[in-house]
Structures are given as structure tokens and as C-alpha cells.
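# Report on the structure
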Amino acid sequence: MLDAKIPAGPLESKWSDYKGHCKLVNPANKRKLEVIVVGTGLAGASAAATLGELGYKVKAFCFQDSPRRAHSIAAQGGINAAKNYQNDGDSIFRLFYDTIKGGDYRAREANVHRLSEVSGSIIDQCVAQGVPFAREYGGLLSNRSFGGTQVQRTFYAAGQTGQQLLIGAYQALERQVALGNVKMYARHEMLDIVMVEGKARGIIARNLVNGELERHFGSAVLLCTGGYGNVFYLSTNAMGSNVTAAWKAHRKGAAFANPCFTQIHPTCIPVSGDHQSKLTLMSESLRNDGRIWVPAKKDDSRKPNEIPEQERDYYLERRYPAFGNLVPRDVASRAAKERCDAGYGVGSSKQAVYLDYAAAIERYGKIEASKQGNDNVPKEEIIAMGKQVVKEKYGNLFDMYQKITGENPYEVPMRIYPAVHYTMGGLWVDYELQTTLSGVYALGEANFSDHGANRLGASALMQGLADGYFVIPYTIGNYLADEIYNKPISTDHPAFVEAEKAVSDRISQLKNINGKQSVESFHKRLGKIMWDKCGMARNKEGLTEAIAEIQALKKEFWSDVRIPGEINEMNPELDKANRVADFIELGELMCIDALNREESCGGHFREEFQTPEGEALRDDAKFMYVAAWEFAGESNWNLQKEPLVYDVIKPSQRNYK
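Presented here is a report on the structure given in the accompanying data block. As the structure is a prediction and not an experimental result, all values here were calculated from the model.

## Looking at the pairing of strand β9 (residues 220-223)
Going residue by residue along β9, you find A220 and L222 tucked away on one face and V221 and L223 tucked away on the opposite face as well. Where strand β1 (residues 34-38) and β9 come together, four bridges link them in parallel fashion. Paired with V37 across the two strands is L222, which belongs to β9. Relative to strand β17 (residues 440-442), β9 runs parallel, the two being bridged by three bridges. In the sheet register, V221 faces β17, and the bridge partner there is V440.

Below is the structure:
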């Protein structure tokens, strides 16, 4: 049975009561305890830095050459927090409500409320670190809007918020490295968890520079390794992002929750051909000022600036007048797909819609002219002033778009289309962020807990930093307080020897296949199956076909993959093969989960279950639960269900109209 360990009592006091009653580890004992942190993005870097600051001996692992290369830098638009600086009606409860509703009532109330509670402290922490958040004229931190809300609660640093937050966490981490509290293992990849008598006692890691396997002891293991969007091959994720660490924990017994809950981001640069290996995200912050439209006439081949206003369909504003262009990501993505499928798409592929800044540029220009007290400014000057304001707010995003497409978005609308971005599924964790494996924790995007079936924009950074800075320091103490009686285990222990041998045997098996097909070709084929049949829209027939196709692909992979190079050397193809093998197994489970969930909710859209208006149609009577899958052998999983109980919010059909 799954025990979420949710504290008793009123929702608003659960976290404070927990902190007041959880076990503590005294400073002298913290120095005796070793904690392993796998991944050094926002969740991992903040956790490692904080635990090091508290006095624990921390070992931090990342497969990049520096924590600063973590994919967290790609989160451009902002970070949510219920500060209510705008005095526009925001509150902890409002952030909590928006997050639950945005996730289509498939998230755990207690975790989401805690996230909302600590959100304000994250901003204070990051400001103290020197993160250069945008500020208003009077000096207050600036906010902008994101999808799924009707308030301005998103703090930002131009269009590089993730990068600036990561630098703050990285500085805190490096300070602990310098003090000797954290030992950093760059270019290392975790390939297995070592369990002794039912508890995690360390990991097996591969040194990616020389290929050697290493054993590392730890009293607890924190997995902070991000999401698994690269199972689709084409996604906004960095090419190195993978599921391997989480998947190894899953195969050792950690339940994997809601794997089919994948987020499709509506604001990406469209696919331009078969040559691409990844897609580029244009921040959701652009929807704050940009207007999304398509021609009102099918197959309109005119240039966007040649189409008059009355012949444009601002379809989000038309369909969802209350939220307009700021509907949640799943809603905006499906609406774009619907327009393109109906023949209104733009660009050479007809698989794109316009994101237009002309109105925002003119509006900002008029504001600047008003500041000067001049009512007779020529339109050209108004446009020039407006462009300057937009450049200050979004300039690096506009520059990036121009470099990739060759088009000037200040002059012509951007072309965008939905793409895989974030994964709401992940390792099942309880209120303490512990998986079903004792001593193994999952933080940030690696766990499932806070976003339900659809993550609101600007909440990924919030969750990663909340888990690392403010949650795990308390909850891990509740576990480690009992571990002070257990002495460190030698890495010569039979469990370490056995785990290393299993990893070594798998690597040798992969390398010795000596087939004819490249790892990349298998990844690409898997991605096409996943996107076509488990992407923005799913149905029973397609998912059934996908499961069979993935099982066949797995057999082919393990009999015909070709991996050049040797084992005991730097071998990126071998690293990639390990990851793609895990992606193939994950892809099968994702399709099984999607087939099992006979409803539509958030990013999981089953074509058989929709309202007459084409919106997601939930089935709360049958599916108001977290689907936690336990590995039971090749192509075999057992389903455990964690019922979702809503004591404060009453689930209803989502309405953004």
C-alpha cells in the first residue's frame, strides 16, 4: 500500500506542524552522515548546497562538465511566487488553487499547498544571492503574467530566469565545495542504486571520461535528474537530458507515477525538417504581451503583414475571453493543433500559428510617448520606442528567434507550434519526497508530486528550488535521525560488488551486440512512435499499436544496435545507448499508462473522452488517483493507486472562458 505520509490537520497548517514535530539530527551527527545528490540543476544544486550548509557530508554528481550546464538554464520566462506585489488579489491560496486547477485536479493538495507557502521564501533567498530580478522604477521586483492565472505573480530576469537562478544556486554549491562540505563529481553518471537490507546505501556511477565504474556510499540518495521529455526524441530538452537515474531506481523497486502526463508547450519554434535533433522553446512569457492568431481563411498564403485585422482569427481570445492568450499550456497547445489540423496553419509546413507583437509594440510606444507629455509623436517614433521597451523585456528571446529562423520578430510575427517540454510524471514520492525505496528521494521534475496533469508556466523553477532549499532539509532529517546508529558500509560489501557487476554486464552486453544500426536511429524511431501515438492526442487504437511497435523496437535494438569505440574510454555513443535503452522501456510504460487512463485530463488527451467543445473530459469517479506503476519484469508492471482526496478545493470542469 502506498503511504503518502500526509500530516493530519487543516491544510494551511500541515507543513508548519510537520516542521515542528519532525526528527532532527544534531550538528555533530550531521558531520558523520553522507548524502548523495544525483543531478545539479536547480533542485540538485540547491539541495546539495543547503545540506552542505547544514553540515552533512555531501557527494554531488552530474554528467555535465559543470553544474552550470544543467538544463535548468533553459527555463527562460520566470518563477512564480505569491508575494502579491501587484496588489491584484494574489495570495498563497490563489497560487494553490491555480496550480490545482491548472493540473486538472490530478495533484496532491498537501504538496501543492506547501509549494505555495514556501514560494515567497524562494524569492527572498534568490534576491539575497544576488539574482538580478527585473525591477520596477521604484525598486520593487517586477512581475508579469503567465498562463492559467489572472494575476501577475511571475518574477523574472529578462528572458534568462533559469540561468540566473542556477548561477545563484551554483554559487551556493561552490561555496560548500570550497569549504569541503560538498565533493563534486562532474562527468559522472549514476547507473544503479545499491540497496542493503531494504535501504539505499549508495550508487554505482560511471566516470564518463575514462569509462571506469565507481562505488559510492551514502546514507541517503537524492535523485534530482529532471524529466524524461527526450523519450519523444524531438523536445525542448537538452540533448543529454534522460530518464536513466530515475529508471534505475524504478527497476530496483521505486514506483513510477503518472508516466503518461507529458506537457506540450504551445510556444516553440516549429519543426523545420528531418535534420533536427531538438526543438527550441520560445518562453511562455511572450504570451504575456503577444497575440496568437491564424488567418480567418483556410490555406491563406499571404504574408502575415498583408492580412488585414478583420481577416485574422485571434482564436484563443475568441474561445477563451476571460484568459485569452494566457490559457494554460495544454489548452493553448490543443487549440493550435485544432486550427492547423483544420487547414488554418501558416508557414511552409502549415504546422504553425502566429505570435504577434505589433499591438504590444504600439501600446508600449504610446506609453513612452505619454511619459514625455507628447501627444503628437509620429507613428514611426512610437513604434521605435515600443520596440525598445520590448527589447528590454524580451530582447534575448527575440534575438534567439532571429538567429534560428532568419526572421526579425520586431517586424513580422513569430511562427510557433506546440512541442514536448516538461513531464509531470516521475518517481512516486510521499509528502517527505521519499520514493517507495527507503532512503531514496526524488526532487524537482524527477518526481510527480506538484503539477497534476498539466504544469502551469513558471512553476518548474519554483518546485525545484522549493524542494531543494526548503523541503528536503526538514524531511531528510526525519529519515537520517535514525541512521546515526548505522555505521557507514564499505564499498567492498557484496551488495556493491553485485550492483557493479550487473552494470558492467549490461554495458558489455550492449557493446557486444555489434549490429548495423546507430543508437540515434533507434531513438528517432522511438520518438516518432511516441509523438504520433502518445503525443498531443491519444486513442485506444494508436496506443495499442504503439505498445506492440515499441516491444518490437526493443528486440531490434538489443540485436542490431551498433556502438563504436571501447568501454574503458570516453564513449558518448555508449552513454547514449544506455539512455536510449531506458527510454524504450519507459516509452512502453507511458503508452500502457495512457491506455489505462480512460479519460482526458490536462496534457493527457484521449480523443474518445472530450466535451462537445473539444475540451478535456475527466472521469473523477474512476480516475481520481495517482497511477503508481511497479516494475514486475520485462514488459510487465503492477498498478498501485493513490486516491486523490480534495478537502479544500471542489473539482469541477475546468473553464477558462
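## Re the packing of aromatic side chains
For any pair of aromatic rings, the description rests on two quantities: the centre-to-centre distance and the angle between the ring planes. Taken as a whole and assessed by the stated rule, the structure comprises 24 aromatic pairs. Summarising the aromatic geometry, the rings of W293 and Y354 are spaced 4.7 Å apart at their centres and angled 45° between planes, so their arrangement reads as tilted. Of the two residues, W293 sits in strand β12 (residues 291-295) while Y354 sits in strand β14 (residues 353-356), which places them 61 residues apart along the sequence. The class of W293 is buried, set by a relative accessible area of 0%. The exposure class of Y354 is buried, given its relative accessible area of 6%. Of the aromatic side chains, those joined through ring pairs into one cluster are Y228, W247, F256, F631 and W637. For the cation-ring pair, R114 lies above W15, with the distance from its terminal atom to the ring centre recorded as 4.9 Å. Over the ring of F63 we find R579; its NZ or CZ atom is 5.0 Å from the centre of that ring.

## Description of the sheet that holds β17
Taken together, the five strands give an open sheet; going across it, the order is β5-β2-β1-β9-β17, and neighbouring strands pair in parallel fashion. Because the sheet does not close on itself, it has two edges, and the strands there are β5 (182-186) and β17. In this sheet, adjacent strand axes meet at a mean angle of 20° when their direction is disregarded. Pairing of β1 with strand β2 (residues 57-62) involves five bridges; the strand directions are parallel. The residue of β2 that forms the bridge with I36 is K59. Contacts from helix α12 (residues 460-480) reach β1, β9 and β17, with the element oriented near 150° to β9.

## Topic: the pattern of salt bridges
Using the criterion set out here, one finds 59 salt bridges in the structure. Between R329 and E284 there is a salt bridge, and its shortest N-O distance comes to 2.3 Å. Within this pair, whereas R329 is found in helix α9 (residues 329-344), its partner E284 is found in the loop between β11 (262-268) and β12, the two being separated by 45 residues in sequence. For the pair formed by R329 and E284, the shared burial category is buried. Residue K576 pairs with E520 through a salt bridge whose shortest N-O separation is 3.0 Å. Linking K576 in helix α16 (residues 572-596) with E520 in helix α14 (residues 519-534), this pair joins segments that are 56 residues apart in sequence. Looking at K576, the relative accessible area reads 24%, which means it is partly exposed. We classify E520 as partly exposed; its relative accessible area is 22%. Each of D104, R106, D330, R334, R597, E599, R618, D620 and R654 takes part in salt bridges that share partners, so that together they form one network.

## Thoughts on the sheet that holds strand β10 (residues 256-257)
Paired through their backbone hydrogen bonds, the strands of a sheet run either parallel or antiparallel. Strand order in the open sheet formed by four strands is β16-β10-β20-β21, with antiparallel pairing between adjacent strands. The open sheet terminates on both sides in strands that have one partner only, identified here as β16 (426-427) and β21 (637-643). Note: β10 against strand β20 (residues 625-631), two bridges, orientation antiparallel. By the bridge assignment for β20, F256 is matched with W629. Those strands touched by helix α7 (residues 244-251) are β10, β16, β20 and β21, and its axis lies near 75° from that of β20. Taken strand by strand, α16 contacts β10, β20 and β21, and its axis lies near 140° from that of β20.

## Some points on the nonpolar core
The biggest cluster of nonpolar side chains holds 185 residues, and the ones touching the most others in it are I79, L222 and L223. Ranked by residue count, the leading element in this core is α16, at twelve residues. Setting aside chain neighbours within four positions, we find L222 in contact with V35, I36, V37, V38, A47, L51, Y441, L443, I472 and I476. Listed in part, the six residues of the second largest apolar core include W293, I307, V346 and A352.

Thresholds applied
- Residues numbered from 1 in each chain as written.
- Predicted model: local features only at pLDDT ≥ 70, side-chain atom pairs only at ≥ 80, totals over all residues.
- Heavy atoms only, no water.
- Buried < 20%, exposed > 50% of the residue type's maximum accessible area, 1.4 Å probe, protein only.
- Helix = DSSP H or I, 4+ residues; strand = E, 2+ residues; numbered from the N terminus.
- Pairing = 2+ DSSP bridges.
- Phe/Tyr/Trp six-rings, centres within 6.5 Å; stacked < 30°, edge-to-face > 60°.
- Lys NZ or Arg CZ within 6 Å of the ring centre and 35° of its normal.
- Axes fitted to C-alpha atoms, helices over the stretch in contact; angles between N-to-C directions.
- Contact = heavy atoms within 4.5 Å.
- Salt bridge = Lys/Arg side-chain N within 4 Å of Asp/Glu carboxyl O.
- Core = buried A, V, L, I, M, F, W, Y, C linked by side-chain atoms within 4.5 Å.

Geometry only, nothing functional implied.
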